[in-house]
Amino acid sequence: MSYRGAQPRDFQERQTVDASSAARRVDLPEDGSGAARAAPQLLGEVIVLSTSDELLLELGQLLGAQVIVRPTESLGALADLVIPTRPQILVIECTDVAALESELRAASFGPRQMPTAVFVDAPALREATPPLRRAGVRVVLPLPLASGETRTVLRSELETVRTAIAARIAAGERFTLAAPDPDARPGATASPRRTVPKPLWLTGTVVLAVVAAAGVWHLWKGSGGAVAMPDAARTQGAQAVAGDTAPAPVLIVGGSVEELLEKARAAMRDRRYTEPREDSALLYFRSAVAQEPANAEALDGLQRLSALVTVRLEQALDERHPEEAARAASDLRSLRGRDPHAAALELRMHNLQMSAALESGSTERIAGALRQAAQSGVVPQPQLNQWRADLTRRQEGDRVARLVAHGGERLRAGQLLEPPGASAQSFAAQALQLAPADPAAERLARDVAAALLQRAREAGLRTPEGERALAEARALGASPAQIAALQTRESPVRSKAASEAEHAAEVQAALEAAAQARAAQQAAQARRAEPPVEQVVSAGGLPVIAHEKLRRTRAIAPEYPALALRSGASGRVTVRFVVDAHGEPQDVQVIDAEPKGVFDRASLAAVRRWRYEPWTVAGEPVAVETSLVIRFAPAEQER
């Protein structure tokens, strides 16, 4: 039995998941209303032939409440558990391929009668597959479990068996259909059978086929029904990250429906689900539907691929791989259109792409990611506006840096006032106008002004060259004291009254200049100021808010990993995430964990299901970044 931890009484910023609640689980309702959720529809049973309790626990946790996991001791005992009218598959843990092949061939009941999946050690996977396939095994999978692929493949096999049972009923065969027992556990007996009228199954099958056919036909027809030449997968992934090109066209190939389905089956067996694009199960199933929109096998294949691509996209997002996420999001869009779950995953993908672009510091990459996000239609307008503002700031910063660099080169070359429009004075004035408070621009202006005052002194204040240099130095912010000192050295003999008058004028000019400078700086800061959310902002430009300041409206306790529970392991995980303007966690990532890789997945899965009251600024909800530490600790050993 897989363990699912209960909801702790006190779930504060530094949280502890106590393993003493292993025997029960309390989940908050998804809508936060307090109403109990309906029990999930059971998909079927997985019968496991293994001596490892850990495999049973992992499969139970992996497949979830919709699948019942039953152990069996041998192939000889298998017949007692088999009910032909119930969706069932067999799973075998293999340590000796040759012995298992021989036993499967000799068994009176086995892979020939029931879909079978065999797990072997990953290094032996390639050599073990051919003999096991010859013995009738449908699927060979690696150990340790690849969670996403294993869940998708096994659930797909159950769906295939369920579809076959429905087809037998639709064909007129009448028999008693046994439903999985909702209270069954590993080792429990099967529930009594119940009769299901044929018209109900037949009607449901036809309705599902028509709805699925309409959806896939709409996707294919939206592409114009044209046959498109495939692009290289790597090139498409790079383009998706850059955002500079349109999405890849939908590919359709010719051939009879049966030929296409046979190629699709081969591609599924070889795990060519979506790649390469010109020889994948996705291509062949889609092409079959294009010719026969109501083909049940093709529609079922597209449904299974949709589940697989969804898992791949979630894994790419969790592991922060922007290119893989972009490819998976493109495949998912072609399979599921704009349904809410696919749109939410695509939004996470755009957040990941923008985060990677911001980390790179490349304004071209940021602009490309922003264009792609704006064209997708899934990113909220406030988020797009925030990204545009951040891009504008970075572009202005890049432009100021270029102006300062060019101005420094001209200053070192002595080109203070020439050539016109490209002199040290011109670059300094442009940088100061664009960013009055930028330290580098101010430093360049001071240096150029000092060099202009030196040129005015050398040329003479009464000469045209000296007067021009003095005027440009004053425009760049040369202080009245500097100008006065220069003029004093130019005319050493002055009357006391003239000196006092000049001093008073200089003081007045200095005060006026200081006031003007302060007013200009305040005006520039006011134009560039953002709402004062917090003094600390993240690398992505989001306000950083302490977690205790946020009000959480829904909290789901992390699941205590079964293996860690059995070994008595404890640890902690520090997660960082963005609470968007709707109060939903986005871009959840582990920034520290001890031990690494043990509690990470449980923490990420829990945080994604939390909900918060949106953080507001001036009455408007905004996205913010926060972080917290989740602790895992086993209870004292029960006596």
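Everything here concerns the structure above.
What this report covers is the structure whose coordinates are included nearby. Predicted, not measured: the structure shown is a model, and the values here were computed from it.

Following Leu143, the chain continues to Pro144 via a peptide bond in cis, the omega torsion being 0°. Looking at the secondary structure, you find Pro144 in the loop between β6 (139-143) and α4 (147-170). In the segment running from Glu275 into Pro276, the intervening peptide bond is cis, with an omega of -5°. One can find Pro276 in the loop between α7 (257-269) and α8 (281-291). Unlike most non-glycine residues, Arg320 shows phi in positive territory, near 60°. Here Arg320 lies in the loop between α9 (296-318) and α10 (322-336). On the accessibility criterion, Arg320 (23% relative accessible area) is partly exposed. If you check the backbone angles, Asp587 has positive phi at about 50° while not being a glycine. Along the chain, Asp587 falls in strand β9 (residues 585-594). Looking at Asp587, the relative accessible area reads 18%, which means it is buried.

With that out of the way, let us pick up the packing of aromatic side chains. Two descriptors summarise a pair of aromatic rings, namely the distance from one centre to the other and the angle between the planes of the rings. Applying the stated rule across the entire model yields 4 aromatic pairs. One aromatic cluster is present, formed by Tyr560, Phe599 and Phe632 through successive ring pairs. A cation over an aromatic ring shows up here: Arg552 above the ring of Trp610, its NZ or CZ 4.4 Å from the ring centre.

Strand order in the open sheet formed by 5 strands is β3-β2-β4-β5-β6, and the pairing between neighbours is parallel. Edge positions in the open sheet fall to β3 (67-72) and β6, since each of these has one partner strand only. Across the sheet, the mean angle separating the axes of adjacent strands is 25° when strand polarity is ignored. Relative to strand β5 (residues 116-121), strand β4 (residues 88-93) runs parallel, the two sharing 4 bridges. Residue pairing for β5: Leu90 is matched across the bridge by Thr116.

Looking at the element boundaries, Glu101 is found in helix α2 (residues 97-106). Take Glu101: its relative accessible area is 16%, and that puts it in the buried class. Beyond its immediate stretch of four places on either side in the chain, Glu101 contacts Pro131, Arg134 and Ala135.

What follows concerns the pairing of β4. Buried residues dominate β4, accounting for 5 of its 6 residues. In this sheet, β4 lies alongside strand β2 (residues 44-49) in parallel orientation, the contact comprising 5 bridges. Opposite Val48, over in β4, you have Val91 as the bridge partner.

Here we come to the packing of α9 against helix α11 (residues 340-360). Interaxial distance between α9 and α11 falls to 10 Å at its minimum, and their mutual angle equals 30°. Classed by the angle they form, the pair α9 and α11 counts as roughly parallel. Considering only the axes of α9 and α11, their crossing is left-handed. Judged by residue contacts, Thr310, Leu313, Glu314, Ala316, Leu317 and Asp318 of α9 engage His341, Leu345, Arg348, Met349 and Leu352 from α11. Residues belonging to the contact of α9 with α11 are distributed by class as follows: 6 nonpolar, 2 polar and 3 charged.

Right, let's talk about α7 for a bit. Compared with the 18 Å implied by 1.5 Å per residue over 13 residues, the 18 Å span of α7 between its first and last C-alpha is a close match. Those residues of α7 not exposed but buried are Val257, Leu260, Leu261, Ala264, Ala267 and Met268. Along the axis of α7, the buried positions cluster into a sector of 120°, meaning they face one direction only. Buried positions along α7 lie against α8 and α9. Looking at the residues trailing α7, positive phi occurs at Arg271, about 65°.

Turning our eyes to something else, we now look at the pattern of salt bridges. As a working rule, side chains carrying opposite charge can pair if their charged atoms are close by. Going through the model one piece at a time under the given rule, you end up with 22 salt bridges. A salt bridge links Asp331 to Arg277, with the nearest nitrogen and oxygen atoms 3.0 Å apart. Taken together, the residues span a long stretch of sequence, with Asp331 in helix α10 and Arg277 in the loop between α7 and α8 at a distance of 54 residues. Like Asp331, the residue Arg277 is buried in the burial classification.

Burial analysis of β6 places 5 of its 5 residues in the buried class, which makes it a mostly covered element. Pairing of β5 with β6, which is carried by 5 bridges, proceeds in the parallel orientation. Its bridge partner being in β6, Val118 is matched across the sheet by Val140. Note on the crossover from β5 through helix α3 (residues 125-134) to β6: the handedness is right-handed.

Scoring rules and cut-offs
- Residues numbered from 1 in each chain as written.
- Predicted model: local features only at pLDDT ≥ 70, side-chain atom pairs only at ≥ 80, totals over all residues.
- Heavy atoms only, no water.
- Helix = DSSP H or I, 4+ residues; strand = E, 2+ residues; numbered from the N terminus.
- Buried < 20%, exposed > 50% of the residue type's maximum accessible area, 1.4 Å probe, protein only.
- Phe/Tyr/Trp six-rings, centres within 6.5 Å; stacked < 30°, edge-to-face > 60°.
- Lys NZ or Arg CZ within 6 Å of the ring centre and 35° of its normal.
- Pairing = 2+ DSSP bridges.
- Axes fitted to C-alpha atoms, helices over the stretch in contact; angles between N-to-C directions.
- Contact = heavy atoms within 4.5 Å.
- Parallel < 35°, antiparallel > 145°, perpendicular 65-115°, else oblique.
- Left-handed = near helix turned anticlockwise from the far one by under 90°.
- Nonpolar A, V, L, I, M, F, W, Y, C, P; charged D, E, K, R; others polar.
- Expected span 1.5 Å × (residues − 1).
- Arc of directions from axis to C-beta.
- Salt bridge = Lys/Arg side-chain N within 4 Å of Asp/Glu carboxyl O.
- Right-handed = clockwise from strand over helix to strand, strands pointing away.

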